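# Coordinate inspection notes
Below, each chain spelled out in residue letters.
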Amino acid sequence: MGGLVSKFLQRWTVFAGLVVVWQLLGWFADDPFFPPPSKILTAAYEWWVVEPSNFTEHIVPSVTRLLSGWAIACVIGVSLGLLLGRSERAMEYAGPLLVFLRSIPPPALVPVFLLLFKAGTSMQLATIVFGVVWPVLLNSVDGARSVDVTKVDTSAVFQIPRWQWVLGVVLPAASPKIFAGLRVSLSLSLVLMVISELVGTDNGIGSQLMQAQREFDYTRMWAGIVLLGVLGYGLNTALLAVERRALAWQPRSRDEQHA
Amino acid sequence: MRAFTRGLLGIAGFLVLWELLGRSPLIPAEALPPPSVVFGELVTQLTSPDFISHVVATVLALLIAIVIAVVIAVPSGLVLGSIPAVRHATRAVIEFLRPIPSVALIPLALVMLGFGPETKITLAVYAALWPILFNTIYALDELDSLLVDTARVFGTGRIGVLFLVALPSALPFVLTGIRLAATTALVVMVSVELMAGSQIGIGYFIMEARSGPGRMDQVLVGTVVAGAIGVLLNNGLERVRRRWVAW
Amino acid sequence: MSNMLEVADLGHTYGDHEAIGGLSFTVRAGELVCVVGPSGCGKSTLLRTISGLVAPSRGDVSLHGSHLAVVFQDYSRSLFPWLTVQGNVEFPLRSLPRAERRKRAAEALEWVGLAGAARKRPWQLSGGMQQRVAIARALAYRPALLLMDEPFASVDAQTRFELEDLLLRVRREHDTTVLVVTHDIDESVYLGDRILVLSGSPARLVADLEVPLPAERNQVTTRTDEVFVELRSKVARLLNVGKPAAMDVEKWAAAERESLSETVSS
């Protein structure tokens, strides 16, 4: 128990210390660009709690778009990735194309999506999906390739049905790699959600950030940035919890994440 | 060589599909010009000094950003990776900073740094820091303790171990981190240019082509060139890793 | 006794390399046959062609029964780490109703003495126990033929003896037909009713030996039995063990002839 407490203190002391220093500096310097945390929190409270409509009209749609875009990308990425990963031939055809498509900065396609889908949710979803599908896809390919020969042979000898081969062998064998891809994609989704909202929409966290900038309201801008940080932290933590559950079968689970 | 041919066939198939889609009545012609049009425009643009200067501006800013990110992230990673106390203490700060998307900082950077190259370089550095930092820390975790013990036995000090043992054995991971960082930095760079955080660069070229004359062929030329830069960076850094870091 | 497996003029070539060169033999129902041969003589290829993992270049393999099971040498890879021990044993039984699956798995785990470990993950068990799980999985599948590829080569000597006796007991109790591929001469004599001795690459049948030992075997008494010792030396002689110099002498001679002819011609 003592160990836990000291771990907790170790982890949060420096964080809390920095916040306090920032607070003090903010008071003394009184720089409009760097409002102290207390002011940022007050602004956030007034913005989203006092006026719940701001919460439901901006934050909720943003998060919904983020999660649905990510979910679509996951389904496409995992299914296509497993398919390509189990066929060397298919990967030879698709490989170079995938490398190129992955290298395209997704915001560069925003104008194309704008014309194809018109401004709105489907355009934003297209941007998110195109931007985040690659880590999932490529990691799924890698994972599907990593099924070792003995498992392939074992499955062949016991003549298991096709669905069991895909869902019972390839998918679980690939799942550690897939989860690594899912995590990268989730944090990318946040970036692309903001990008897709900076143009061609008037709701969402991204558009509120832009609005705050136009109104020179730096405190609100900071509130938006902090909110995105909290959101990213929360989403990552939640996914890690799911991952730890799903991969509990692994002989040595690696707690340290690296992207 | 057969694999190479298949890869080319794959790309050719994609281009044919795009050509058909672009010419089909299902999709408005001005939204998705076919590749034949886009590549014609690409040839024109590649001979235009104006376009070349946009490309050079982006690439140069990108290289500067990557160098700065390496200079900051590798030493920090070495410190965080080799001194657990520092790592535990800063963990919460890092975990909170990392998920803040660099694009969310665009408005802030714009008002503080203006519309010059400083803005896009700063934001690209911010985005590129994380993969390098985490790969360096991770590499030190994987460090073979036998190597460290061997060095210690021969009287190498703590600093000596860091530079003679830890850094060389971490190098492959660090280079992988740099490769990931370069791709991320390119995305952020073009995004910032697109969002009017600049007056020159590929992103700016794309934005101008879209908002002014609505030339989608030029938008796609910019996109293709940005993608090509990404491929070159990625393959180049991968080759460097394979060539120089063979262990 | 009827034949369970018939192999006729089986041959396999990878590119230029001939791995198996025309093998013919049969395995009768209820028999335990050991295939023994030097390392790298094409034993694995033989096993892969019999099990249908590789289509042979020529010849026929006919199995008188619907399906066979394989126990691989590398138990750590052949078991699925994301499934429990029970899940692993049920792995080939997905097409059966749930209750039947449960029953068969429990039964097979009982046979190999692992009834208590059903809920564990394979990697929580020792190597020998993991190989027992693999054996239970194969038995639960009720195969017409149980193929084993160096099944005990990756466990320590003590565990190996235990597993050998376990195999003998299980196959006696359930009348299983077994084909064991091994490079261990002692093991082949100890386990087998019959031994097929293969030559080096390409694999050819050198001898088909009956093992005139009683069905009940014992790690101490059987291994010191005169019949055992004699048969072991016979197999060893057939495999040319202990005479590695023979080939070197020939090589020397050839090299000498070559150098001589060179000096003569120059």
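The residue numbering used here restarts from 1 in each chain and proceeds along that chain's sequence as written. Written order determines the labels here, with chains lettered from A and ligands numbered from 1. Only residues with pLDDT of 70 or above have their local features reported here, since the model is predicted, and side-chain atom pairs are shown and tallied only from 80 upward, although totals for entire chains, interfaces and linings are computed over all residues. Derived side-chain values reflect all non-hydrogen atoms in the structure, with water molecules and hydrogen atoms excluded from consideration.

Attention now goes to the overall build of chain A. Looking only at helices and strands, chain A has 10 helices and zero strands in total. On the principal axes, the C-alpha backbone points of chain A span a range of 75 × 60 × 30 Å. Residue exposure (1.4 Å probe, protein chains only): buried if accessible area is under 20% of the type maximum, exposed if over 50%, otherwise partly exposed. Out of the 259 residues in chain A, the part that is buried amounts to 49%. To be clear on the numbers: accessible area is Shrake-Rupley with a 1.4 Å probe, and residue cover counts the displayed protein chains and nothing else. When the accessible surface of chain A is totalled, it reaches about 12,200 Å², and 67% of it is carbon and sulfur. Only four residue types enter the charge count: Lys and Arg as positive, Asp and Glu as negative, with His and the chain ends excluded. Every charge is mapped onto a representative atom, which is NZ of Lys, CZ of Arg, CG of Asp or CD of Glu. Taking the 19 positively charged and 17 negatively charged side chains of chain A as two groups, their mean positions are separated by 10 Å. Secondary structure elements are taken from DSSP: a helix is a run of H or I of four residues or more, a strand is a run of E of two residues or more, and numbering for both begins at the N terminus.

Here the focus is helix α9 (residues 205–214) of chain A. The periodicity of an α-helix, 3.6 residues per turn, causes residues three or four positions apart to be oriented the same way. With eight of its 10 residues buried, α9(A) lies for the most part within the structure. Within α9(A), burial applies to A:Ile205, A:Gly206, A:Ser207, A:Gln208, A:Leu209, A:Met210, A:Ala212 and A:Gln213. We call two residues in contact whenever any of their non-hydrogen atoms come within 4.5 Å of each other. The inward-facing, buried residues of α9(A) contact α2 (37–49), α3 (52–85), α8 (162–198) and α10 (218–246) of chain A together with α5 (106–113) of chain B. Once α9(A) ends, the next one or two residues include A:Phe216, with phi positive near 55 degrees.

Confidence of the predictor at the level of single residues is given by pLDDT, which spans 0 to 100. Confidence in the prediction of chain B, expressed as mean pLDDT, is 83, and 96% of residues score 70 or more. Looking over chain B, one finds the lowest element-wise mean pLDDT in helix α7 (residues 145–153) of chain B, namely 73, and the highest in helix α3 (residues 49–82) of chain B, namely 91.

Next up on the list: the UniProt feature "transmembrane region" (unreviewed entry) in chain B. Residues and elements named next belong to chain B. UniProt positions are given in the numbering used here, feature names are shortened, and annotations may be inferred rather than shown by experiment. In the numbering used here, UniProt assigns the feature "transmembrane region" (unreviewed entry) to residues 55–80, 92–115, 121–140, 161–180, 186–207 and 219–237. Measuring from the first to the last C-alpha atom of residues 55–80 gives 36 Å, for a span that is 100% helix and 0% strand. Overall, residues 219–237 shows 100% helix and 0% strand. The separation of its end C-alpha atoms is 27 Å.

This part covers the sheet that holds strand β3 (residues 32–36) of chain C. Residues and elements named next belong to chain C. Note on pairing: DSSP must find at least two bridges between two strands before they are called paired. One open sheet holds the six strands; their spatial order is β5-β6-β7-β3-β8-β9, and the pairing between them is mixed. Across the chains shown, the open sheet's two edge strands, defined by having one partner strand only, are β5 (68–71) and β9 (205–210). Neighbour-to-neighbour, the strand axes of the sheet open up by a mean angle of 15 degrees, direction not taken into account. Bridge count for strand β6 (residues 145–149) against strand β7 (residues 178–182) is four bridges, and the pairing is parallel. Bridge pairing in β7 places methionine 148 opposite valine 180. Note on geometry: axes are C-alpha line fits, over the in-contact stretch for helices, and angles between N-to-C directions span 0 to 180 degrees. Across the sheet, helix α5 (residues 127–140) is in contact with β5 and β6; its angle to β5 comes to roughly 175 degrees. Against the sheet, helix α9 (residues 226–238) contacts β3, β8 (194–198) and β9, and its axis sits at roughly 170 degrees relative to β9.

Residues and elements named next belong to chain B. Aromatic pairing here means that ring centres of Phe, Tyr or Trp (its six-membered ring) are within 6.5 Å. Orientation follows from the plane angle: under 30 degrees is stacked, over 60 is edge-to-face, and everything else is tilted. Inspection of every chain in the model, using the stated rule, returns 14 aromatic pairs over all chains. A centroid spacing of 5.7 Å and a plane angle of 85 degrees characterise the contact between tyrosine 126 and tryptophan 130, whose relative ring orientation is edge-to-face. Of the two residues, tyrosine 126 and tryptophan 130 are both situated in helix α6 (residues 117–141); the distance of four residues between them amounts to about one turn of the helix. One exposure class covers both tyrosine 126 and tryptophan 130, and it is buried.

Taken together, B:Leu46, B:Ile52, B:Val56, B:Leu60, B:Ile64, B:Ile68 and B:Ile72 make up a surface patch of nonpolar side chains, about 560 Å² in accessible area. When you line up the elements, B:Leu46 lands in helix α2 (residues 35–46). Here, patches come from residues exposed beyond 30% relative accessible area and free of salt bridges, joined within 9 Å for like charges and within 5 Å for nonpolar side chains (Val, Leu, Ile, Met, Phe, Trp, Tyr). Salt bridges are defined as contacts in which a side-chain nitrogen from Lys or Arg sits within 4 Å of a carboxyl oxygen from Asp or Glu.

Before going further, it helps to examine the domain arrangement of chain B. The accessible area lost on association of the parts is a frequent measure of interface size. All names here are of chain B. For the domain bounds, the source is a domain assignment made automatically or taken from a database. We note that the domain assignment places domain 1 (1–30) and domain 2 (33–244) within chain B. Taken together, the contact pairs seven residues of domain 1 with eight residues of domain 2. Two parts placed together each lose some accessible area; with a 1.4 Å probe, that loss summed over both constitutes the buried area. Counting the surface lost from both domain 1 and domain 2, the interface buries some 620 Å², and carbon and sulfur atoms represent 65% of this. Area buried by domain 1 at its contact with domain 2 is led by Trp18, Glu19 and Glu30, which between them contribute 63% of it. Counting the contacts that link domain 1 with domain 2 gives zero salt bridges. For the side of domain 1 that touches domain 2, the class distribution of residues is three nonpolar, one polar and three charged. Here the nonpolar group is Ala, Val, Leu, Ile, Met, Phe, Trp, Tyr, Cys and Pro; Asp, Glu, Lys and Arg are the charged ones; every other residue, Gly included, is treated as polar.

The next subject is the interface of chain B and chain A. Facing the 56 residues of chain B at the interface are 53 residues of chain A. For the pair chain B and chain A, the interface holds one salt bridge. Put simply, A:Glu92 and B:Arg6 hold a salt bridge, and the shortest N to O gap is 2.5 Å. In the analysis that follows, any N or O atom pair within 3.5 Å is treated as a polar contact, provided that within protein one partner can donate a hydrogen and the other can accept it, and provided that, for residues neighboring in sequence, both atoms belong to side chains. Connecting chain B to chain A are three residue pairs in polar contact (both at pLDDT 80 or more). Elements with a contribution of two residues or more to the side of chain B that touches chain A: α1 (2–23), α4 (84–97), α5, α6, α8 (158–194), α9 (202–211) and α10 (216–244) of chain B. Among the elements that make up the side of chain B that touches chain A, the one with the highest residue count is α10(B) (11 residues).

Right, let's talk about the environment of A:Thr154 for a bit. With respect to the element layout, A:Thr154 can be found in helix α7 (residues 149–157). On the accessibility criterion, A:Thr154 (0% relative accessible area) is buried. In this structure A:Thr154 touches C:Phe72, C:Ser78, C:Phe80 and C:Arg137, once residues within four positions along its chain are discounted.

Before going further, it helps to examine the pairing of strand β1 (residues 3–14) of chain C. Residues and elements named next belong to chain C. Sheet topology note: the β1/strand β2 (residues 17–28) ladder contains eight bridges and is antiparallel. Pairing of histidine 12 across the sheet is with isoleucine 20, part of β2. Following β1, the chain reverses through two residues before pairing antiparallel with β2; glycine 15 in that reversal takes a positive phi of roughly 60 degrees. Sheet topology places β1 next to strand β4 (residues 58–63); five bridges connect them, and they run antiparallel. Bridge pairing in β4 places glutamate 6 opposite serine 62.

With that settled, consider α9(C). All names here are of chain C. The end-to-end C-alpha distance of α9, which contains 13 residues, comes to 18 Å, matching closely the 18 Å that a straight helix rising 1.5 Å per residue would cover. Packed against the buried residues of α9 are β3, α7 (185–191), β8, β9 and α8 (221–224). At the N-terminal boundary of α9, the capping side chain belongs to aspartate 225, with an oxygen 2.9 Å from the backbone nitrogen of valine 227. Just downstream of α9, asparagine 240 is the residue with a positive phi angle, here 65 degrees. One less than the number of residues in a helix, times 1.5 Å, gives the span that helix is expected to have.

All names here are of chain A. UniProt feature "transmembrane region" (unreviewed entry): in the numbering of this structure it lies at residues 12–29, 67–85, 97–117, 123–141, 180–201 and 221–242. The distance separating the terminal C-alpha atoms of residues 12–29 is 25 Å; by composition the span is 100% helix and 0% strand. A helix fraction of 71% and a strand fraction of 0% characterise residues 97–117, whose end C-alpha atoms lie 24 Å from each other.

Another aspect to go through is the interface of chain C and chain A. Contacts between chain C and chain A engage 23 residues on the former and 21 residues on the latter. Across the chain C to chain A interface the summed buried area is about 1,900 Å²; carbon plus sulfur atoms make up 71%. Sorting the residues of chain C by area buried against chain A places C:Arg77, C:Trp82 and C:Phe91 first, and these three jointly supply 33% of that buried surface. Its salt-bridge partner being A:Asp153, residue C:Arg48 comes within 2.7 Å of it at the nearest N-O pair. For the interface between chain C and chain A, the tally reads six residue pairs in polar contact (both at pLDDT 80 or more). Every element with two or more residues in the side of chain C that touches chain A is listed here: β5, α2 (75–78) and α5 of chain C. Looking at the side of chain C that touches chain A, its residues break down into 14 nonpolar, three polar and six charged.

A word on the arrangement of the chains. For the two pairs of chains in contact, the maximum contact count is reached by chains A and B. For chain B and chain C, which are not in contact, the least C-alpha distance works out to 19 Å.

C:Leu46, C:Ile50, C:Met148, C:Leu179 and C:Leu191 are the most contacted members of the largest nonpolar core, which totals 225 residues. The greatest single-element share of this core, amounting to 16 residues, is contributed by α8(A). The contact partners of C:Leu179, leaving out residues within four places of it in the chain, are C:Leu5, C:Val27, C:Val33, C:Val35, C:Ile50, C:Leu145, C:Leu146, C:Leu147 and C:Met148. Only buried residues count toward a nonpolar core, which is a set of Ala, Val, Leu, Ile, Met, Phe, Trp, Tyr and Cys residues joined through side-chain atoms within 4.5 Å.

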